[in-house]
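What follows is the residue order along each chain.
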Number of protein chains: 2
Amino acid sequence: MTLTQLRYLVAIADSGLNITLAAERVHATQPGLSKQLKQLEDELGFQLFIRKGKSLDAVTHAGRHVLERARTILAEAANIRSIAANLRNEARGELRIATTHTQARFALPVAIGALAQSYPQVSVHLQPGRDTEVLAQLEAGRVDLAVISSAGAPPASGIALPAYRWHRVIVAPQDHPLVSDGQPPSLDELALLPLVSYESSLKADSSLRRAFDAADLRPQIAMTAGDADLIKTYVRAGLGVGVLAEMAMLESDTDLRTLPVDHLFPQCTTWIVLRRESVLREYVLEFITQFAPHLDRRDVVRALASDTPPTEWSAVPHWRERPAIPQADVA
Amino acid sequence: MTLTQLRYLVAIADSGLNITLAAERVHATQPGLSKQLKQLEDELGFQLFIRKGKSLDAVTHAGRHVLERARTILAEAANIRSIAANLRNEARGELRIATTHTQARFALPVAIGALAQSYPQVSVHLQPGRDTEVLAQLEAGRVDLAVISSAGAPPASGIALPAYRWHRVIVAPQDHPLVSDGQPPSLDELALLPLVSYESSLKADSSLRRAFDAADLRPQIAMTAGDADLIKTYVRAGLGVGVLAEMAMLESDTDLRTLPVDHLFPQCTTWIVLRRESVLREYVLEFITQFAPHLDRRDVVRALASDTPPTEWSAVPHWRERPAIPQADVA
DNA sequence: CGCGTTTACGTCGTTCGTAACGATA
DNA sequence: TATCGTTACGAACGACGTAAACGCG
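Residues numbered from 1 in each chain as written. Chains lettered and ligands numbered in written order. Predicted model: local features only at pLDDT ≥ 70, side-chain atom pairs only at ≥ 80, totals over all residues. Heavy atoms only, no water.

(A) Expanded view of the sheet that holds strand β5 (residues 145-150) of chain A. All names here are of chain A. Across the sheet, which stays open at both edges, the 5 strands sit in the order β4-β3-β5-β12-β6 with mixed pairing between neighbours. Looking along the sheet, the strands with just one partner apiece sit at the ends: β4 (122-128) and β6 (159-166). For this sheet, the mean angle separating the axes of adjacent strands, direction not counted, is 20°. Pairing of strand β3 (residues 93-99) with β4 involves 7 bridges; the strand directions are parallel. Bridged to E94 within β4 is S123. (Pairing = 2+ DSSP bridges. Helix = DSSP H or I, 4+ residues; strand = E, 2+ residues; numbered from the N terminus. Axes fitted to C-alpha atoms, helices over the stretch in contact; angles between N-to-C directions.)

Written out as structure tokens, the structure reads:
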């Protein structure tokens, strides 16, 4: 068993059991991977994949277990390399972030911009997806950190650090009756209007959905879309009133009116989620403290070391009231 | 970075920074290890060890972190090999147990004997030590499981499974006044007698010590010894009355009288402690269910999978009332 | 017939052990 | 001078890439 074999193994698994594709990704040739896989299977004495004819069809039951272990081995090997890179102040590297569209589009740009300033040699990769996909990416070690939101408790997997809190807002065209009446809307009013919101708000465990359920109301979701830009577009088109994250409203959206609905829907928290036991590159810490300035470097490191993160964090700021981003101070 | 390099690295660390000794242990030559170590350091870009002249003097700060990671990598690699060995019903292997003298001498023999019966090809290695040493051995991956006792909560590190409960007993020569009076002794009485007990009972956090402290008594420890056989010997010699674990009293100790003192000292629990995330060989599971027959195979596996073991276990038997050891039923 | 895997083969790099050298107490 | 680590060198092994063969849709 060698690290190379394990690296090839997970590459194959991560490439949908396509050895050729996996070979490209690890910058090696396809026969090389085939052979190493075969050798590994020979050494272990059982098949890691089920073959259908010549091609790989599925992962064996035992193979799944081996894959799991192999991933943590590779993650730890990467950790060792991170220790080394940090120690010699290596400025190059990658920052791989899995996150949802709203975060990527409205919350992350400033912090990523600041990072690109301090660490021009670091290349950033944004991996979009739904909450569960995002966490899966993190668990599989395909990204360095995940940024996701939840209405209540932090995600169970990984180490979650609260970045900021936020509320939903209602968005409507300027001439919409809801706007002109000047009063904050009630749940009952909203339930009568055609709504435009995220796809995720249809899920039973969405906090939007649950707020309506609790009042025994059935909102009329006229349309759902994957991202806030689409929602705004269709609100402009008169399809209905939008329900979206406050971060999604920009200065330039002058043709839309925004109504706070803090009283109707629970507050949400955006979390930075890290893999347990992971060693962060210097610039990742930098990024985290840029994105969530209330977090102290030491707190982050401490949370990573203990495998149960603190459940209570002091003073997680609201989106609108986040502290000014501290000037990067890097050699 | 290769698995071999990491294996050599921890071998060197575990051999007290003596490369020659480490080389013997891994069945390789000393120049081989020297070179691999050098290559690893070159790749990482920093020294893992501090040199004094030519010999290794200490582990670097960063080296300690790397060592930690390297150990989990090797442990996971061993896990993969365990999966493989289990799958092909490999009957050979090693069972490395770190434990205290009392367990090794009085509690473990039956279960180990049974194991040797079912798996004659498995070689058993007992690694004696004090509680903290035993747990360190486990954490460092030098043993497969640890068996230790505590008066209250299970040890914090690793996954602890309760094996059985037990009490201390008082042991005295047949003609001792304590015996002839027929009454169970009180704490006050004991505090007046010269006692012979384990070295560990001197420690401030020993449950024996705390029982006396709670009653504001200062017992007179006439002698301490590392193991129960010594204690019994000196009790026979008239040095005082013994305080030891009930398991240590054998049928053959007819010249000594045993007095229960369940009412004076708290009940103790003996735990089987496993490393988190470890994959057990089939025979290790077999051993565990032999030693602690009330534990179900599935419970053990489940406790290992979840990284927080159940705090409450149903029906942990007392030493004297342990269920009959089930007959091994192995192909 | 294209796509993907396996087999075959030659080359190159690496590891390993032996042996000699160097430093340290 | 004995012990331990480094350097040097040659042999063997192993990994990798190219090229060709094989199966499958």
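(B) Up close: the sheet that holds strand β5 (residues 145-150) of chain B. All names here are of chain B. Spatially, 5 strands are ordered β4-β3-β5-β12-β6 in an open sheet, and the strand pairing comes out mixed. Of all strands in the sheet, those with a lone pairing partner are β4 (122-128) and β6 (159-166), marking the two edges. Within the sheet, the average angular offset between the axes of one strand and its neighbour, ignoring direction, is 20°. The pairing of β6 with strand β12 (residues 268-274) spans 7 bridges and is antiparallel. Along β12, the bridge assignment pairs L161 with I272. Sitting on the sheet, helix α5 (residues 101-118) is in contact with β3 (93-99), β4, β5, β6 and β12, with an inclination near 155° to β3. Lying over the sheet, helix α12 (residues 297-305) contacts β6 and β12, oriented at roughly 135° with respect to β6. (Contact = heavy atoms within 4.5 Å.)

(C) Looking closely at the interface of chain B and chain A. Counting residues at the interface gives 26 residues for chain B, matched by 26 residues for chain A. Surface buried jointly by chain B and chain A totals about 2300 Å² across both partners, of which 71% is contributed by carbon and sulfur atoms. Area buried by chain B at its contact with chain A is led by M1, R69 and I80 of chain B, which between them contribute 29% of it. For the pair chain B and chain A, the number of links is 4 salt bridges. Linking R69 of chain B and E76 of chain A is a salt bridge whose minimum nitrogen-to-oxygen distance equals 3.1 Å. Between the two partners, chain B and chain A, sit 8 residue pairs in polar contact (both at pLDDT 80 or more). Contributions of two or more residues to the side of chain B that touches chain A are made by α1 (3-14), α3 (30-44) and α4 (61-87) of chain B. Among the elements that take part in the side of chain B that touches chain A, α4 of chain B stands out by supplying 15 residues, more than any other. A class-by-class count of the residues in the side of chain B that touches chain A yields 15 nonpolar, 5 polar and 6 charged. (Buried area = accessible area lost by both parts, 1.4 Å probe. Salt bridge = Lys/Arg side-chain N within 4 Å of Asp/Glu carboxyl O. Polar contact = N/O pair within 3.5 Å; in protein donor to acceptor, adjacent residues only side chain to side chain. Nonpolar A, V, L, I, M, F, W, Y, C, P; charged D, E, K, R; others polar.)

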